[in-house]
Amino acid sequence: AQSVAQPEDQVNVAEGNPLTVKCTYSVSGNPYLFWYVQYPNRGLQFLLKYITGDNLVKGSYGFEAEFNKSQTSFHLKKPSALVSDSALYFCAVRASNFGNEKLTFGTGTRLTIIP
Amino acid sequence: DTAVSQTPKYLVTQMGNDKSIKCEQNLGHDTMYWYKQDSKKFLKIMFSYNNKELIINETVPNRFSPKSPDKAHLNLHINSLELGDSAVYFCASSPQGVNTEAFFGQGTRLTVV
């Protein structure tokens, strides 16, 4: 079985401050980790992914995420938050088990950037 | 050009009716999915198809029947709609492989009254 936990339903950050959105995962074998963003009344947009290699992954809109195998975490970060970053963020994990591939999402974290 | 398109965007219908949601992707992907997002924004996979073959069928009532006429299309038919079926349904596609990201449609907001 595979699962993703996003421990914070809501994160508030002042504009210009660094932001972190937390994600931990559980999966058998090697994890493939993803971050998506959802704006109101829109579909999910891919931000970045970790497959293998460098633990720090850079993605769209200045976001990055750090993979930590010992803590089974994949936190999303940005050095300086913008008001336009306000949205719903989802962490997801995928593992392959005899060809049965499933992308499992966390419960989402609503990020609000305060002007 | 829309990569993953769903129709309709909004669907309001009465309990007991049968309805379909259509999904098409022009990305050449082998794998397509249906996800359900409930009122609390939880996303749960319903079905996954790979080259028209069903590979994931989560614990979804058999009133829900996906159909994939070709690898670019994955439609969702729902029989005998219930109030609890009200949600946003997302179609997505990805290249085959565990390390590939999925691309999502804009969603279909289904309201059962």
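Our subject in this report is the structure included herewith. All values derive from a computational prediction rather than experimental measurement.

Rules of the game
Residues numbered from 1 in each chain as written. Chains lettered and ligands numbered in written order. Predicted model: local features only at pLDDT ≥ 70, side-chain atom pairs only at ≥ 80, totals over all residues. Heavy atoms only, no water. Disulfide = S-S within 2.5 Å. Helix = DSSP H or I, 4+ residues; strand = E, 2+ residues; numbered from the N terminus. Buried < 20%, exposed > 50% of the residue type's maximum accessible area, 1.4 Å probe, protein only.

### A short note on the state of the cysteines
- Across all of its chains, the model carries 2 disulfides over all chains by this definition.
- Note that Cys23 of chain A is cross-linked by a disulfide to Cys91 of chain A, the S-S spacing being 2.0 Å. On the sign convention where negative means left-handed, the S-S torsion of about -65 degrees between Cys23 of chain A and Cys91 of chain A marks this disulfide as left-handed. Highlighted residues: Cys23 of chain A in the loop between β3 (19–21) and β4 (24–26) and Cys91 of chain A in strand β10 (residues 87–97), separated in sequence by 68 residues.
- Given the relative accessible area of 0%, Cys23 of chain A is considered buried.
- Relative accessible area serves as the criterion here: at 0%, Cys91 of chain A is assigned to the buried category.
- Between the sulfur atoms of Cys23 of chain B and its disulfide mate Cys91 of chain B the distance is 1.8 Å. For the disulfide bridge between Cys23 of chain B and Cys91 of chain B, the dihedral angle about the S-S bond is near -75 degrees, and by the sign convention the bridge is left-handed. Pair noted here: Cys23 of chain B is in strand β3 (residues 19–25) and Cys91 of chain B is in strand β9 (residues 87–94), with a separation of 68 residues, a long-range link. Each member of the pair Cys23 of chain B and Cys91 of chain B is classed as buried.

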